[in-house]
Amino acid sequence: MILILGGTTEASALARLLAERPGFEAMLSLAGRTQQPALPPLSHRIGGFGGVEGLCGFLGDNRVTALVDATHPFAERMSANAAAASRLTGVPLLALRRPAWSAGPGDNWTEVAGAQEAALALGQEPRRVFLTTGRLELPAFLAAPWHFYLVRSVDAPDELPPQARLILSRGPFAEADELALMRTERVDVVVTKNSGGSATYGKIAAARRLGLPVILLKRPEAPDVETVATAREALAWIERTVPEAGPPGPTQALA
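Residues numbered from 1 in each chain as written. Predicted model: local features only at pLDDT ≥ 70, side-chain atom pairs only at ≥ 80, totals over all residues. Heavy atoms only, no water.

**Quick word on helix α2 (residues 51-61)**
Every buried residue of α2 is accounted for by Leu55, Cys56, Phe58 and Leu59. Looking straight down α2, one finds that the buried residues subtend no more than 160° of arc, so they occupy a single side. Set apart from the buried face of α2 by more than 90 degrees, the exposed residues are Glu53 and Asp61. Tucked inside the fold, the buried residues of α2 contact β1 (2-5), β2 (26-30), β3 (43-46), β4 (66-69) and α3 (76-89). Immediately downstream of α2, the backbone of Arg63 shows phi near 50°, a positive value. (Buried < 20%, exposed > 50% of the residue type's maximum accessible area, 1.4 Å probe, protein only. Helix = DSSP H or I, 4+ residues; strand = E, 2+ residues; numbered from the N terminus. Arc of directions from axis to C-beta. Contact = heavy atoms within 4.5 Å.)

Laid out in structure tokens, this is it:
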């Protein structure tokens, strides 16, 4: 049994690859923060484990032979729990982590440690802010209500700033579409996370073309574990680490 801690496009890609390999049995675990997640073509579960102890119990109870942490780069606690559970149980762990974005010519970035620092970096002069940090970071910007926020999120937040417009949408987002949106909404500054990957890079490229500043939330420090960048690299690691078995049982959903 291979357990994939998911919630990213890389996790979904790995799930699809494993679904095509009858010699491996795998399960994708989703945290449940997204209300309507894209479900994989193999067994899955939704919800937390109950910390390190709960994850250790799950690994043992389900005879997990390999663990792949393919959570979002900002899922700091889950990645730490996965590393700790791997050490305690001896289950091999691989991190499937897309590389972070790097500033290039024409980029005007201010890198900050978190959402509160990002809200402060916006300053006191009212600005039109394209905010794509996710709904969990949104409360930090309620403390700076003099700005207008164009908020894009997969799910609706509990509360919006007084001057805001909400766009409910799931990526990928093309550069041309991001460029048109920023022009139409007269965006002054982009605030986002350094998520990496290509699915949401369009806003970074569009900001560069428009000469707009970007306030970028830095990634938290990740555990020191073996790491790859693509689903195919993760599959190759699984093939080296886990012996193939017989065909898996029927796909089922675990709540």
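The rest of the description comes next.
**Details of the side chain of Asp107**
Structurally, Asp107 can be placed in the loop between β5 (93-96) and β6 (109-112). Among the polar contacts made by the side chain of Asp107, one reaches the main-chain amide nitrogen of Gly104 at a distance of 2.8 Å. Not counting the four nearest positions on each side in its chain, Asp107 is found in contact with Ser102, Ile204 and Arg208. (Polar contact = N/O pair within 3.5 Å; in protein donor to acceptor, adjacent residues only side chain to side chain.)

**Re the packing of aromatic side chains**
This model, assessed by the stated rule, comprises 3 aromatic pairs. Relative to Phe58, the ring of Phe49 has its centre 5.1 Å away and its plane inclined at 70°; by these criteria the two rings are edge-to-face. Accessibility expressed as a relative area gives 14% for Phe58, which makes it buried. Over the aromatic face of Phe49 sits the side chain of Arg45, whose NZ or CZ is 4.0 Å from the ring centroid. (Phe/Tyr/Trp six-rings, centres within 6.5 Å; stacked < 30°, edge-to-face > 60°. Lys NZ or Arg CZ within 6 Å of the ring centre and 35° of its normal.)

**Digging into the pairing of strand β11 (residues 214-217)**
Burial along β11 is two-sided: Val214 and Leu216 and Ile215 and Leu217, pointing in opposite directions, are all buried. Note: β6 against β11, 4 bridges, orientation parallel. Note on β11: the bridge partner recorded for Val112 is Leu217. Relative to β11, strand β10 (residues 189-193) is paired through 4 bridges, and the arrangement is parallel. Looking at the pairing, Val191 lines up with Ile215 of β11. In this region the chain leaves β10, passes through helix α6 (residues 202-210) and returns to the parallel neighbour β11; the handedness of that crossover is right-handed. (Pairing = 2+ DSSP bridges. Right-handed = clockwise from strand over helix to strand, strands pointing away.)

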